[in-house]
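Now for the letters of each chain:
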Amino acid sequence: GTVPAINKKNVDVEGNYNRLFLFIKQLVAAIGTNMSTDIEKLPQHAEALYLLGVTDYQVGDNKVATGLITQAIEIDFNQCVFFNSLGAALQEIPET
């Protein structure tokens, strides 16, 4: 599936959770066939972290969002949308 860009105007928390549910189903299937599956090596792991981050951003928890999106970038740094969304979330954190 396509990874949605971060967006507060069209909050799609339900869609994000549906994508996460699909990832969990794939994870359970993978673990069921190979108990030594390394979760972090599954290609959907970065997207799952990203979607959790986007969901946190959409509900206003920008510090958690930036942490999750950063983890997604560390796994898959080829997703431009991850960097764009990280920048958007960082802009929402008040300077201290």
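As the structure is a computational prediction, the values presented were derived from the model and not from experiment. Starting from 1, residues in each chain are numbered consecutively following that chain's sequence as written. Two thresholds apply to this predicted model, a pLDDT of at least 70 for residue-level local features and 80 or more for giving and counting side-chain atom pairs, whereas whole-chain, interface and lining totals are computed over all residues. In computing side-chain values, all of the structure's heavy atoms are included and hydrogens and water are not.

Visitor: What's the story with the overall build of the protein in this structure? I'm lost.
Guide: Secondary structure elements follow DSSP: runs of H or I of four or more residues count as helices, runs of E of two or more count as strands, with numbering from the N terminus. Broken down by element type, the protein carries four helices and zero strands. Order of helices (α) and strands (β) in the protein, N terminus to C terminus: α-α-α-α. When a residue's accessible area, from a 1.4 Å probe over protein chains only, is under 20% of the maximum for its type it is buried; when over 50% it is exposed; and in between it is partly exposed. Counting across all 96 residues of the protein, residues that qualify as buried make up 36%. Here the contacts in the protein between residues at least 6 apart in sequence split such that 62% fall between residues at least 24 apart. Element-wise, carbon and sulfur atoms account for 56% of the exposed surface of the protein, whose accessible area totals about 6,100 Å². We call two residues in contact whenever any of their non-hydrogen atoms come within 4.5 Å of each other. Shrake-Rupley sampling with a 1.4 Å probe provides the accessible areas, and residues are treated as covered by the protein chains on show and by no other component.

Visitor: Would you mind showing me how to read helix H3 (residues 62-75) here?
Guide: An α-helical segment advances 3.6 residues per turn. Residues three or four places apart therefore align on the same side. Here, expected helix span is obtained from the residue count minus one, scaled by 1.5 Å. An ideal rise of 1.5 Å per residue puts 20 Å on 14 residues; H3 measures up with 20 Å between its terminal C-alpha atoms. Among the residues making up H3, those that are buried are Asn62, Ala65, Thr66, Leu68, Ile69, Ala72 and Ile73.

Visitor: What is the right way to read the confidence of the model for the protein from this model?
Guide: Low-pLDDT portions of the prediction should not be read for the details of their coordinates. As a per-residue quantity, pLDDT reports the predictor's confidence and falls between 0 and 100. Predicted confidence across the protein gives a mean pLDDT of 77, with 67% of residues reaching 70 or more. Looking across the protein, the model is least confident in helix H1 (residues 13-33), with a mean pLDDT of 70, and most confident in helix H4 (residues 80-91), with 93.

Visitor: Looking at this structure, how should I read the environment of Tyr50?
Guide: Topologically, Tyr50 is positioned in helix H2 (residues 44-58). Here the alpha-carbon distance between Tyr50 and Ala65, two residues 15 residues apart in the chain, equals 8.3 Å.

Visitor: Would you mind showing me how to read the packing of H3 against H4 here?
Guide: For any two helices packed against each other, the geometry is given by the interaxial angle and the distance between the axes. Put simply, H3 and H4 touch, their axes get as near as 9 Å, and they point 160 degrees apart. Taken together, the axis directions place H3 and H4 in an arrangement best described as roughly antiparallel. The element H3 and its partner H4 pack so that their crossing is left-handed. Touching Asn62, Ala65, Thr66, Ile69, Thr70, Ala72 and Ile73 of H3 are Phe82, Phe83, Ser85, Leu86, Ala89 and Leu90, all from H4. In terms of residue class, the contact of H3 with H4 is built from nine nonpolar, four polar and no charged. All axes are obtained by fitting lines to C-alpha atoms, using only the stretch in contact for helices, and the reported angles, taken between N-to-C directions, cover 0 to 180 degrees. Any angle that is under 35 degrees is reported as roughly parallel, and any over 145 degrees as roughly antiparallel; angles of 65 to 115 degrees are reported as roughly perpendicular and all others as oblique. Put simply, a crossing is left-handed when the front helix is turned counterclockwise from the back one by less than a right angle, and right-handed when it is turned clockwise. Three classes are used: nonpolar for Ala, Val, Leu, Ile, Met, Phe, Trp, Tyr, Cys and Pro, charged for Asp, Glu, Lys and Arg, and polar for all others, with Gly counted as polar.

Visitor: What's the story with the packing of aromatic side chains in this structure? I'm lost.
Guide: Think of a pair of aromatic rings as described by two things: how far the centres are apart, and how the planes are tilted against each other in angle. Here a Phe, Tyr or Trp ring, Trp counted by its six-membered ring, pairs with any other such ring whose centre lies within 6.5 Å, and the pair is stacked when the planes are under 30 degrees apart, edge-to-face when over 60, and tilted otherwise. Enumeration over the complete set of coordinates arrives at one aromatic pair. Centre to centre, the rings of Tyr50 and Phe82 are 4.6 Å apart; their planes meet at 20 degrees, and the pair counts as stacked. Of this pair, Tyr50 sits in helix H2 while Phe82 sits in helix H4, placing them 32 residues apart in sequence. Residue Tyr50 is classed as buried on the basis of its relative accessible area, which comes to 0%. The class of Phe82 is buried, set by a relative accessible area of 1%.

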